[in-house]
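These are the residues of each chain, in order.
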Amino acid sequence: MDVKPSLFDRLVRYARGRSPWLFHLNCGGCNGCDIEFLACLTPRYDVEQLGIRLEGSPRHADILCISGPVTRNTQAALQTIYAQTPAPKVVVAIGSCPASGNVFADSPSVVGPLENFVPVDVYVPGCPPRPDAILEGIVHAIEILKAKVVRSAEGGTYV
Amino acid sequence: MSYTIPIGPYHPALEEPYKLELECEGERVRAAHLQIGFNFRAIELLAQSRNVIQNIALFERVCGICSNVHTLTYCLAVENLLGIEPPLRAQYIRVIVAELERLHSHILWAGAAAHILGFQTLFMTCFRLREIVMDLLESISGNRVNYAMNAVGGVNRDLTDPRTVQEGVHQIRRAVEEQLIPVFTTDPTVRARCAGVGVLTKEEALAWGAVGPTARASGVAQDLRQAQPYLIYDRLDFSVPVQESGDVLARIIVRALEMVESCLMIEQALDQLPSGEWRGQLFVELPPGEAVARIEAPRGEVFYYLASDGGEKPVRVKVRTPSFVNMPTVRLMLKDATLADAPLIQASIDPCYSCTDR
Ligand code: SF4
């Protein structure tokens, strides 16, 4: 069944796709992914060319960038932050840690992978991934974000 | 009226999770409580279930900013236990990579400090400069972060193109001397935010056992590269920058001057670089016994303890990182500071939570 998105929904989709705000959280990773993520914001990679801004509060964010294998101690904060982010939201898992646990996989204090706690939309593999790869992951995330806005217009729920 | 402000575990200024509780009276911070442990991955426990070679990849991931430091110290501890010494060329390559890493770490920190100061131009300048260091590291090791350069008894890759490194380092030194140091030392905004803020006196630094640039900014002239030279540091000519005032500005200046010293050290090491073997040796088992190794990381002294019962897995590896001892000093610095200075003061020790928690 084809439902035409309303003018308002199309406007929202246009606006969100043009200026997604990012929130970044490290769930117990080694920092390697974080500094490469930071490098994305800097003159050479310049993620701001896509209209992206790094935001300090999850309540204003559209895309969550999560690194780290999810340790026991960060798990609760991770779930709170995911709940605080308004829908529609997209989760980008940066690095091998959130995907598989990486070298920490059999540690008793690691409860990951990330999938156990929040749905993941984009995986950026690598230990750490290069900033270009992170950038590409974010570009994919923007496409998914736009699709999610449309889905909501068709009567589905925001995720 | 006093009240408590909880900050964290996710904080917009720094990358890593930690929690801070500030007890304030009006604008003034009266006491600070720090809660760490969010990054605890039980690395020391994992090390006991993996063999000596596998552990190198594990310790590389104690900290992504100073990954080389951790593999280097671990390999030195294993070499001490085995009683072997890596070939001279390998030692030079290790020093070159270690100093490049110090450069990247200090520039990253300078950028983060500029960001907290609200000085976005300087933040961008620092990060543009840092990309040159990252390119050099990538040209040497094949990776931007987690270089996997160290092996037991040697290095994993040769340094094939010293010319490029020489030119790059020269470029960085010029930029640090002409751009970063003048801005950080003379700019009125930076001075107004940093001078006299977050003071740690020499007595306090000694009593609380501060290490690295945090101690050196409080007048404690202590640097393992000079006090107890390892690898080939005794063949290099360098000085250890020390400042007396102990405030945030002093910590900035110490790190900025250290960047220049690192560049000079790399230039000397490249000039002296001998030819010859650089590979590590293959070996299977550790002899029973204990060994320690300590080196000067970008943030201060890193210490590794290794115990073996003769099997292929170590029975205990203990890691002590510089941020672990520097972090408590933040409580002294924050006392009676204004609330608005708290993020800057905290960042001024260049804390690294992932290596503190391990
Ligand atoms: S994926 Fe690798 S670089 Fe990234 S946080 Fe994990 S261990 Fe560190």
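Our structure's up above, just so we're on the same page.
Novice: Before we move on, could you go through the pairing of strand β7 (residues 300-308) of chain B and cite the residues and values that matter?
Specialist: All names here are of chain B. Within β7, seven of the nine residues are buried, which leaves it mostly tucked inside the rest of the structure. With nine bridges connecting them, strand β6 (residues 289-297) and β7 associate as antiparallel partners. The residue bridging E290 from the neighbouring strand is A307, located in β7. In this structure, the hairpin formed by β6 and β7 is closed by a connection of two residues. Bridge analysis of β7 against strand β8 (residues 316-320) gives five bridges, and the strand direction is antiparallel. Of the residues in β8, the one forming a bridge with Y305 is K318.

Novice: Tell me about the site of the ligand, and please be specific about residues and values.
Specialist: With respect to spatial proximity, 13 residues lie near the ligand, and among them C30(A), C33(A), S96(A), C97(A) and C127(A) are the closest. Proximal residues around the ligand fall on chains A and B, making this an inter-chain site. Among the residues making up the shell around the ligand, the classes are represented as five nonpolar, seven polar and one charged.

Novice: How would you explain the sheet that holds β7(B) if you had to name every residue and give the values?
Specialist: Residues and elements named next belong to chain B. Across the sheet, which stays open at both edges, the three strands sit in the order β6-β7-β8 with antiparallel pairing between neighbours. Two strands close off the open sheet at either side, each with one partner strand: β6 and β8. Averaged over all adjacent pairs, the angle separating strand axes in this sheet is 10 degrees, with direction ignored. Against the sheet, helix α3 (residues 67-82) makes contact with β6, β7 and β8, and its axis sits at roughly 145 degrees relative to β6, the strand it touches most.

Novice: Quick rundown of the interface of chain A and chain B? Include the residues and the values.
Specialist: Between chain A and chain B, the residue contacts involve 39 residues of the former and 39 residues of the latter. Of the roughly 3,100 Å² buried where chain A meets chain B, counting both sides, 60% is carbon and sulfur surface. On the chain A side of the interface with chain B, the three residues burying the most area are N31(A), I35(A) and V103(A), jointly 17% of the side's total. Counting across the interface, chain A meets chain B through five salt bridges. For the salt bridge of R50(B) with D106(A), the shortest nitrogen-to-oxygen distance reads 2.8 Å. Summed over the shared surface of chain A and chain B, the number is 13 residue pairs in polar contact (both at pLDDT 80 or more). Elements represented by at least two residues in the side of chain A that touches chain B include exactly β1 (21-26), α2 (32-40) and α3 (72-84) of chain A. Sorting elements by how many residues they give to the side of chain A that touches chain B places α2(A) first, with six residues. For the side of chain A that touches chain B, the per-class residue count stands at 20 nonpolar, 14 polar and five charged.

Novice: Break down the packing of α3(B) against helix α4 (residues 88-117) of chain B for me, citing the residues and quoting the values.
Specialist: Residue and element names in this part refer to chain B. For the pair α3 and α4, the least separation of the axes is 9 Å and the interaxial angle reads 145 degrees. Like other packed secondary-structure pairs, α3 and α4 cross with a definite hand, here left-handed. Contact residues: S67, N68, V69, L72, C75, L76 and E79 in α3; R94, V97, A98 and E101 in α4. Across the contact of α3 with α4, the residue classes break down as six nonpolar, two polar and three charged.

Novice: A description of α2(A) should follow, citing residues and the corresponding values.
Specialist: Of all nine residues making up α2(A), nine are buried, and the element is well covered by its neighbours. Among the residues of α2(A), those classed as buried are G32(A), C33(A), D34(A), I35(A), E36(A), F37(A), L38(A), A39(A) and C40(A).

Novice: Which residues make up unusual backbone geometry, and what values do they have?
Specialist: Residue and element names in this part refer to chain A. For the bond running from C127 to P128, omega is -10 degrees, close enough to zero to count as cis. Along the polypeptide, P128 turns up in the loop between β5 (122-124) and α5 (131-153). The phi torsion at D46 lies on the positive side, around 50 degrees, for a residue other than glycine. Turning to its location among the elements, D46 is positioned in the loop between α2 and β2 (53-54). For D46, a relative accessible area of 28% puts it in the partly exposed group. Of note in the backbone geometry, N102 takes a positive phi value of approximately 55 degrees without being a glycine. Its location among the elements puts N102 in the loop between α4 (96-100) and β5.

Novice: Pulling in residues and values, what's your account of the packing of aromatic side chains?
Specialist: Centre distance and the angle of the planes are the two values used to describe a pair of aromatic rings. Per the counting criterion, the structure on display carries six aromatic pairs over all chains. Between F59(B) and Y74(B), the aromatic rings sit 4.9 Å apart at their centres with planes inclined by 35 degrees, giving tilted as the arrangement. Taken together, the residues span a long stretch of sequence, with F59(B) in helix α2 (residues 52-60) and Y74(B) in helix α3 at a distance of 15 residues. For Y74(B), a relative accessible area of 0% gives the class buried. In textbook terms, an aromatic cluster arises when at least three aromatic residues are bridged by ring pairs, as seen for F59(B), Y74(B) and Y304(B). Lying across the ring of F104(A), R41(B) places its NZ or CZ 5.0 Å from the centre. Just above the ring of W109(B) sits the side chain of R255(B); from NZ or CZ to the centre is 4.2 Å.

Novice: A description of the pairing of strand β3 (residues 28-35) of chain B should follow, citing residues and the corresponding values.
Specialist: Residue and element names in this part refer to chain B. Two elements, strand β2 (residues 19-25) and β3, share seven bridges in a ladder whose sense is antiparallel. Looking at the pairing, L20 lines up with L34 of β3. Between β2 and β3, which pair antiparallel one after the other, the connecting turn spans two residues, and G26 there sits at a positive phi close to 60 degrees.

Novice: Explain the sheet that holds β2(A) residue by residue, including any values.
Specialist: All names here are of chain A. Strand order in this open sheet of five strands is β2-β1-β3-β4-β5, and the pairing throughout is parallel. Of all strands in the sheet, those bounded by a partner on one side alone are β2 and β5. Looking at chain direction, strand β4 (residues 90-94) and β5 are connected through three bridges and run parallel. Directly across from I94, in β5, lies its bridge partner V124. Against the sheet, α2 engages β1, β2, β3 (63-67) and β4, with an angle of about 160 degrees to β1. Here α3 sits on the sheet in contact with β1, β3 and β4, set at roughly 170 degrees to β1.

Novice: Explain the pattern of salt bridges to me, and be specific about the residues and the numbers.
Specialist: Residue and element names in this part refer to chain B. Using the criterion set out here, one finds 23 salt bridges over all chains in the structure. Measuring nitrogen to oxygen at the nearest pair gives 2.8 Å for the salt bridge that ties E79 to R94. One end of the pair, E79, is in helix α3; the other, R94, is in helix α4, with 15 residues separating them in the sequence. By sharing partners, the salt bridges in this structure join E99, R102, R216, D223, R225, E258 and E296 into a single network.

How each quantity is defined
Every chain is numbered independently, its residues counted from 1 as its sequence is written. Here every chain gets a letter starting at A, and every ligand a number starting at 1, in the order they are written. The model is predicted, so local features are restricted to residues of pLDDT at least 70 and side-chain atom pairs to those at 80 or more, both for listing and for counting; the totals for chains, interfaces and linings are taken over all residues. In computing side-chain properties, one takes all heavy atoms of the structure into account and sets aside hydrogens as well as water. Think of it in three bands: with a 1.4 Å probe and only protein chains considered, a residue is buried below 20% of the maximum accessible area for its type, exposed above 50%, and partly exposed in between. Under the scheme used here, helices are H or I runs from DSSP no shorter than 4 residues and strands are E runs no shorter than 2 residues, and both carry numbers assigned from the N terminus. For two strands to be treated as a pair, DSSP must find no fewer than two bridges joining them. In this text, near means that some heavy atom of the residue lies within 4 Å of the molecule or strand in question. Polar here means any residue other than Ala, Val, Leu, Ile, Met, Phe, Trp, Tyr, Cys and Pro, which are nonpolar, and Asp, Glu, Lys and Arg, which are charged; Gly is therefore polar. Only the stretch in contact is used when fitting a helix axis, every axis being a line fitted to C-alpha atoms; angles between N-to-C directions are given from 0 to 180 degrees. In what follows, residue pairs with any heavy atoms lying within 4.5 Å of each other are defined as contacts. The term buried area means the drop in 1.4 Å probe accessible area that two parts suffer when joined, counted for both and summed. Any Lys or Arg side-chain nitrogen found within 4 Å of a carboxyl oxygen on Asp or Glu counts as a salt bridge. Here a polar contact is taken to be a pair of N or O atoms separated by no more than 3.5 Å, where protein atoms must pair a possible hydrogen donor with a possible acceptor and residues adjacent in sequence count only if both atoms sit in side chains. Two helices cross in a left-handed way if the nearer one is turned anticlockwise from the farther one by less than a right angle. They cross in a right-handed way if the turn is clockwise. Any Phe, Tyr or Trp ring, taking Trp's six-membered ring, that has another such ring centre within 6.5 Å forms a pair; planes under 30 degrees apart are called stacked, those over 60 apart edge-to-face, and the others tilted. Any Lys NZ or Arg CZ found within 6 Å of a ring centre and within 35 degrees of that ring's normal is scored as a charge over the ring.

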